[in-house]
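Here are the chains, one letter per residue:
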Amino acid sequence: MERLQKIIANSGYCSRRKAEELIKSGKVTVNGEVISEVGTKASFSDAITVEGNTLKQSSKEYILLYKPRGVVSTAKDDKGRKTVLDLIKTNNRLYPVGRLDYDTSGLLLLTNDGNLTNLLIHPKHEISKQYIAKISSAVNPREIKKLMTGVFVDGIKTKADRIKIKKIDKKKETSIIEIIIHEGRYHQVKKMFKAIGYEVTSLKREKMAFLDLSGLKAGEYRHLNIKEVKKLYNLAK
Ligand code: URA
């Protein structure tokens, strides 16, 4: 369920402010009933008219999910495990933009817009992804720096765009490291740390480009708005 003015604006009919005016002046109906209270919630599957026009939902849907751990990010799993699609209510056939491992949590986009997906997952477009990794040892900062100059992962030289050591706990023998990369190969972050002798025990993707997880708890999601979608297209061009 979303606020009606947001649904109208997201469809591209008009701005959110204009949609509020139209609602207040009784120009909007939901399932045949005039709704004049701004903020009334409706769902994408309701029949909505604005000034007598049936609102066509964009056939493209863009979702930002806070993927919890313990969920696969493929559409189907041969072991019958829960998938990210089980967390989302939609009539569209969505698929994830890239992957997060079963035991990785964090930001995952899902869409049925194949053009945007291809643009976003192509390494040449340098869409940045920020992760927070927990390591099962007290790291040596000199070793960590090697990730900035480059390490070999499956025979390919790979480097981080930025690394920040957030915490080294010598007693507990753990560390927390923030890492930004723009490639997205299979198990990339875990393998980068492995290449310098460290094991990642937990991994979370906190950001992708300008998008983050604010306002969401693990398992929750929201729709991207038109501005965000346009911005992603512009970044990837
Ligand atoms: N790197 C990994 O190792 N795993 C992920 O899920 C994402 C990036």
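Residues numbered from 1 in each chain as written. Predicted model: local features only at pLDDT ≥ 70, side-chain atom pairs only at ≥ 80, totals over all residues. Heavy atoms only, no water.

Go over the site of the ligand, please, and point to the residues and values.
All residues in the neighbourhood of the ligand are listed as L100, D101, T104, Y131, H187, Q188, V189, K190 and L203. For the ligand, a nitrogen atom lies 2.7 Å from a polar atom in the side chain of D101. Considered on its own, the ligand offers 240 Å² of accessible surface; in the complex 95% of this is hidden by protein. It is helix α5 (residues 188-195) that contributes the most residues to the shell around the ligand, three residues altogether. Looking at which domains feed residues into the shell around the ligand, each of domain 2 (62-123 + 213-236) and domain 3 (128-208) gives three or more. (Near = heavy atom within 4 Å. Polar contact = N/O pair within 3.5 Å; in protein donor to acceptor, adjacent residues only side chain to side chain. Areas by Shrake-Rupley, 256 points an atom, 1.4 Å probe, with all protein chains shown as cover. Helix = DSSP H or I, 4+ residues; strand = E, 2+ residues; numbered from the N terminus. Domains from an automatic or database assignment.)

How would you summarise the side chain of D113 if you had to cite specific residues and measurements?
Its location among the elements puts D113 in the loop between β9 (104-111) and α3 (114-121). Not counting residues within four places of it along the chain, the set of residues in contact with D113 comprises K60, Y62, Y95 and Y233. (Contact = heavy atoms within 4.5 Å.)

Describe a positive patch on the surface, naming the residues involved and giving the relevant values.
Together, R3, R16, K41 and K227 give the surface a local cluster of positive charge. If you trace the backbone, R16 turns up in helix α2 (residues 16-24). The exposure class assigned to R16 is partly exposed, which follows from its relative accessible area of 33%. (Patch = residues over 30% accessible without salt bridge, like charges linked within 9 Å, V, L, I, M, F, W, Y side chains within 5 Å. Salt bridge = Lys/Arg side-chain N within 4 Å of Asp/Glu carboxyl O. Lys, Arg positive; Asp, Glu negative; His and termini not counted. Charge placed at Lys NZ, Arg CZ, Asp CG, Glu CD. Buried < 20%, exposed > 50% of the residue type's maximum accessible area, 1.4 Å probe, protein only.)

An account of the nonpolar core is needed here, citing residue identities and associated values.
What tends to happen in soluble globular proteins is that the nonpolar side chains get buried as a cluster. Ranked by internal contacts, the top residues of the largest apolar core, which has 30 residues, are I135, I144, L147, I179, M192 and F193. Of all the secondary structure elements, the ones that give two or more residues to this core are β7 (62-67), β9, β10 (129-135), α4 (141-149), β11 (151-153), β14 (174-181), α5 and β15 (200-208). The residues that make up this core include at least three from each of domain 2 (62-123 + 213-236) and domain 3 (128-208). Apart from residues lying up to four places away in sequence, I135 is in contact with E173, T174, S175, I177, F193, Y198, E199, V200 and T201. Among the nonpolar cores identified, the runner-up in size contains 17 residues, and L116, L120, I127 and L213 belong to it. (Core = buried A, V, L, I, M, F, W, Y, C linked by side-chain atoms within 4.5 Å.)

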